[in-house]
Amino acid sequence: TKNASPIISSAPAGVSHADFRDPFVFNESGSWYMMIGTGLRSGTARGGLFLYKALNDDFQQWTYQGTMLEGNPASDGTGDFWELPVYYNFGSKSILLINKLPNANALYWTGNFRNGKFVKDNGTPERLDVINQLLSPTIQQDKDGNLTAIGIIPDGVTSDKHKEQGWANIFSLPRVWTLVNNKIYQKPHP
């Protein structure tokens, strides 16, 4: 049943930011969390993820936990805004993927979620694709337990052309993700 009013309608009060969008909900160690993309604007403009924790299992009340991760564009190339985040725990390691702006690209880190923060293995993220061919992946396990991703492949035409066509971009073929030596390996879904 859809709620008549949003559960969380705006970013935390007093935090200087640009935009507030793209929630991703995940369960970690029996607790439910939600990260939301933003651009932090105190000091250097950088991407970030607001983190909320569910107070109960009906998902009606959430409490702000702070930022789960913040970028440093000068050293990590993660831009000044993050959208469409993805988190997945592979067992001993987790991944945190963001889509950075400007110059959209899917980037990810390996690491672990501890005390409301994502603790990265490396300062600089990995690119999901060598060239910009998959943005905004959505993940789900299939019936066989394969972590499957499908995303947007940019079509490289102008906004005017999108309006003329009546559509923009295309979806990728489904891909199976595995984590090998702290890197996401992708192959077409069988």
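For the structure, check the block above.
Rules and cut-offs
- Residues numbered from 1 in each chain as written.
- Predicted model: local features only at pLDDT ≥ 70, side-chain atom pairs only at ≥ 80, totals over all residues.
- Heavy atoms only, no water.
- 1 Å grid on protein atoms, 1.4 Å probe; cavity = no way out; pocket = protein on both sides within 12 Å on 5 of 7 lines; lining within 4 Å.
- Points joined across faces, edges and corners; volume = space filled by probe spheres on them.
- Helix = DSSP H or I, 4+ residues; strand = E, 2+ residues; numbered from the N terminus.
- Nonpolar A, V, L, I, M, F, W, Y, C, P; charged D, E, K, R; others polar.
- Buried < 20%, exposed > 50% of the residue type's maximum accessible area, 1.4 Å probe, protein only.
- Lys, Arg positive; Asp, Glu negative; His and termini not counted.
- Salt bridge = Lys/Arg side-chain N within 4 Å of Asp/Glu carboxyl O.
- Polar contact = N/O pair within 3.5 Å; in protein donor to acceptor, adjacent residues only side chain to side chain.
- Contact = heavy atoms within 4.5 Å.
- Pairing = 2+ DSSP bridges.
- Axes fitted to C-alpha atoms, helices over the stretch in contact; angles between N-to-C directions.

Participant: Just to check I follow, could you spell out the layout of surface pockets for this structure?
Facilitator: Over the atoms rolls a probe the size of a water molecule, and in doing so it shows where empty space is left. In this structure, the largest pocket encloses a volume near 230 Å³. Around the largest pocket, the lining comprises 13 residues; the ones closest to its centre are Phe24, Phe26, Tyr87, Tyr88 and Ile139. Sorting the residues of the lining of the largest pocket by element identifies strand 1 (17–28), strand 5 (81–89) and strand 10 (135–141) as the ones contributing at least two each. A total of five residues in the lining of the largest pocket trace back to one element, the largest contributor, which is strand 1. Among the residues forming the lining of the largest pocket, the class breakdown is eight nonpolar, four polar and one charged.

Participant: Help me understand the side chain of Asp142 in this model?
Facilitator: Within the secondary structure layout, Asp142 lies in the loop between strand 10 and strand 11 (147–153). Buried and unpaired, Asp142 has no salt bridge, with Lys143 as the nearest side chain of opposite charge at 6.7 Å. For Asp142, the side chain forms a polar contact with the main-chain nitrogen of Asp144, separated by 2.9 Å. Those residues in contact with Asp142 that sit more than four places away from it in its chain are Thr148 and His189.

Participant: For this particular structure, what's the right way to read the sheet that holds strand 2 (residues 31–40)?
Facilitator: What holds strands together in a sheet is hydrogen bonding between their backbones, with the strands either parallel or antiparallel. Taking strand neighbours across the sheet as the criterion, the four strands line up as 1-2-3-4 in an open arrangement whose pairing is antiparallel. The sheet is open, and its two edges are formed by strand 1 and strand 4 (62–70), each paired on a single side. In this sheet, neighbouring strand axes are inclined to one another by 25 degrees on average, regardless of whether the strands run parallel or antiparallel. Sheet topology places strand 2 next to strand 3 (residues 46–54); eight bridges connect them, and they run antiparallel. Looking at strand 3, one finds that Met34 is bridged to Tyr52.

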